[in-house]
Structure formats: C-alpha cells, structure tokens
Amino acid sequence: MNNMSQQKIIIITAPSGSGKTTLVKRLMLQFPTLAFSISACTRTPRGGEVDGTDYHFISLQQFEQSIAQNNFLEWEMVYEGKYYGTLKSELNRIWQNHKIPLVDIDVKGALKVQEQYKAQALSVFIKAPSIDILSERLQKRGTEPPESLKERIDKAAYELSFASKFDHTIVNDDLGKASAELSKIVSQYLTQ
Ligand code: 5GP
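Here goes a summary of the coordinates provided. Because the structure is predicted, anything quoted here is derived from the model rather than measured.

Moving on: the site of the ligand. If you check the shell around the ligand, you find 17 residues, and the closest are Lys20, Ser39, Arg43, Tyr55 and Tyr84. Take serine 39: an N or O atom from its side chain is 2.7 Å from an oxygen atom of the ligand. Within the side chain of glutamate 74, one N or O atom sits 2.7 Å away from a nitrogen atom of the ligand. Burial of the ligand by the protein amounts to 93% of the accessible area it has alone, namely 510 Å².

Membership of the largest hydrophobic core comes to 20 residues, with the highest contact counts inside it found for Ile10, Ile12 and Leu34. Those elements that place two or more of their residues in this core are strand S1 (9-13), helix H1 (20-30), strand S7 (100-105), strand S8 (121-127) and helix H7 (175-191). Counting residues per element, this core draws most heavily on H7, which supplies five residues. Excluding anything up to four places from it in sequence, leucine 34 contacts Ile10, Leu27, Met28, Lys99, Ile100, Leu102, Val186 and Leu190. Ile11, Val107, Tyr117 and Phe125 belong to the second largest nonpolar core, which has 15 residues in total.

This paragraph deals with the packing of aromatic side chains. Within a pair of aromatic rings, the relevant descriptors are the distance that separates the centres and the angle that separates the planes. Using the criterion set out here, one finds nine aromatic pairs in the structure. A ring pair is formed by phenylalanine 125 and phenylalanine 166, whose centres lie 5.8 Å apart and whose planes are at 20°; its orientation type is stacked. With phenylalanine 125 in strand S8 and phenylalanine 166 in the loop between helix H6 (146-159) and strand S9 (168-171), this pair connects stretches of sequence that are 41 residues apart. Since its relative accessible area comes to 7%, phenylalanine 166 is described here as buried. The rings of Tyr55, Phe57, Tyr79 and Tyr84 are connected pair by pair, giving a single aromatic cluster. Between lysine 8 and the ring centre of tyrosine 189, over which it is positioned, the NZ or CZ distance is 5.1 Å. One Lys or Arg, lysine 155, reaches over the ring of tyrosine 79 and ends 5.8 Å from the middle of that ring.

Before going further, it helps to spend a moment on the packing of helix H5 (residues 131-141) against H6. At a minimum axis separation of 10 Å, H5 and H6 run at an interaxial angle of 150°. Compared by their axis directions, H5 and H6 come out roughly antiparallel. For the pair H5 and H6, the sense of crossing is right-handed. Here H5 contributes Ile131, Leu134, Ser135, Leu138, Gln139 and Arg141 to the contact with H6, which in turn contributes Leu149, Arg152, Ile153, Ala156 and Ala157. Residues that form the contact of H5 with H6 fall into these classes: seven nonpolar, two polar and two charged.

To continue, consider the packing of H1 against H7. Contact geometry for H1 and H7: axes closest at 10 Å, N-to-C directions at 50°. When the interaxial angle is binned, H1 and H7 end up oblique. By crossing handedness, the relation of H1 to H7 is classed as right-handed. Taking contact as the criterion, the partners of Thr22, Leu23, Arg26, Leu27 and Gln30 in H1 are, on H7, Leu175, Gly176, Ala178, Ser179, Leu182, Ser183 and Val186.

Calculation notes
Residues numbered from 1 in each chain as written. Predicted model: local features only at pLDDT ≥ 70, side-chain atom pairs only at ≥ 80, totals over all residues. Heavy atoms only, no water. Near = heavy atom within 4 Å. Polar contact = N/O pair within 3.5 Å; in protein donor to acceptor, adjacent residues only side chain to side chain. Areas by Shrake-Rupley, 256 points an atom, 1.4 Å probe, with all protein chains shown as cover. Core = buried A, V, L, I, M, F, W, Y, C linked by side-chain atoms within 4.5 Å. Buried < 20%, exposed > 50% of the residue type's maximum accessible area, 1.4 Å probe, protein only. Helix = DSSP H or I, 4+ residues; strand = E, 2+ residues; numbered from the N terminus. Contact = heavy atoms within 4.5 Å. Phe/Tyr/Trp six-rings, centres within 6.5 Å; stacked < 30°, edge-to-face > 60°. Lys NZ or Arg CZ within 6 Å of the ring centre and 35° of its normal. Axes fitted to C-alpha atoms, helices over the stretch in contact; angles between N-to-C directions. Parallel < 35°, antiparallel > 145°, perpendicular 65-115°, else oblique. Left-handed = near helix turned anticlockwise from the far one by under 90°. Nonpolar A, V, L, I, M, F, W, Y, C, P; charged D, E, K, R; others polar.

Here it is, written out as structure tokens:
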C-alpha cells in the first residue's frame, strides 16, 4: 500500500456565503479523481441534503464519543452548539480508492489540516467580493434564521483576515471566472 502520509489532499475553505459549495460541485464534476470528504456534523439537514452524501448527520453524543475515540483529523464547533469534523476514516477510505480527498471546511479546520499535511496539500481560500455581497447572498439563500445569519456574517468577517495563510485566494465575483481559476490551480497541482 502507498504511504498515506505522502498522499495529496485538497483543502477548500471560505467564509459562509462565498459561493464555495457551487464551485466545489463544479470542480468535482470536472475532476473524477477527486472525492468529496464527507464530514460529520451535528446540525440538522437542510432541505435536499442527504445523510451520508452531504454530511454524516450525527447526534451530539455520537460526535463527542468520536472525539473521545480520536476519530477526527480535526473538528470544530463551527457555530454555537454545532460540531463539524473531518473523519480520519473518510480520508483513508478515499486514498485507498486511489482518489484525492477534497475537504470543504471552515477556516480554522483548514489551517489545522494544512499544518498536518504541509507541502503535500493544496489549499484554496474562496472569498466573496465584499461583506455586503456575502451578506446579501446569505439572505437570498434563505436557509438561515436571522440569528444564525448574523452569526455567519460576523464569523465571515473574522475569517476573511486569514486569507493570506492559504496557497491561493480566489475572489468569487463571477462564477464562471472563479470556476475556471480554481480548475487551473487544481489541474496544476494534480500534474505536479
Ligand atoms: P454548513 O452548515 O453551511 O454546511 O457549513 C458550515 C461551515 O462548516 C462551512 O464553512 C463548512 O465548510 C464547514 N465545515 C464543513 N465540514 C467541516 C469539517 O469537517 N470541519 C470543519 N472544521 N468545518 C467544516
């Protein structure tokens, strides 16, 4: 078996409302060698989300048990009372299938994964053109109650200050352009 510590891993991070999910979905269609790393989380599924596809939706008790069992590469309480974490078993499963995991995680989690995989990782930070646009996008999406919306906007403003810690930053003001930029970066990484 390959030495897994030498395997590639792609980290995509962004403040909420940056349009990251759409970009990631497009990327996955373009590069069949990538596999989405399905995180565990304790929030409730949104309409259309599928357990085991979008997330492993688990209870708080199950999550805390997994922390105690050291099952996570990283985990964060991303929003008040809501845990999210990258399962080591998920990454190993993907590498064993000879694919490259793509982790779509919050900024703190991304910094942790980057720290662990260093040069073998590719990290990309995606940002909305401005906080106003980000706030508008989140409101239009309509998936969050007002309190959660404010929490996401405040967190996004803070997370923007970490952009320079990542290998690349993409400003998502035009989906087509941002998508092309991301494909180019990933394509270069995959061939190196
Ligand atoms: P959402 O609730 O909108 O699906 O995700 C909220 C945030 O949690 C997003 O920034 C998403 O990237 C992040 N997230 C998803 N999975 C993980 C994970 O496994 N670890 C960390 N640290 N953040 C995650």
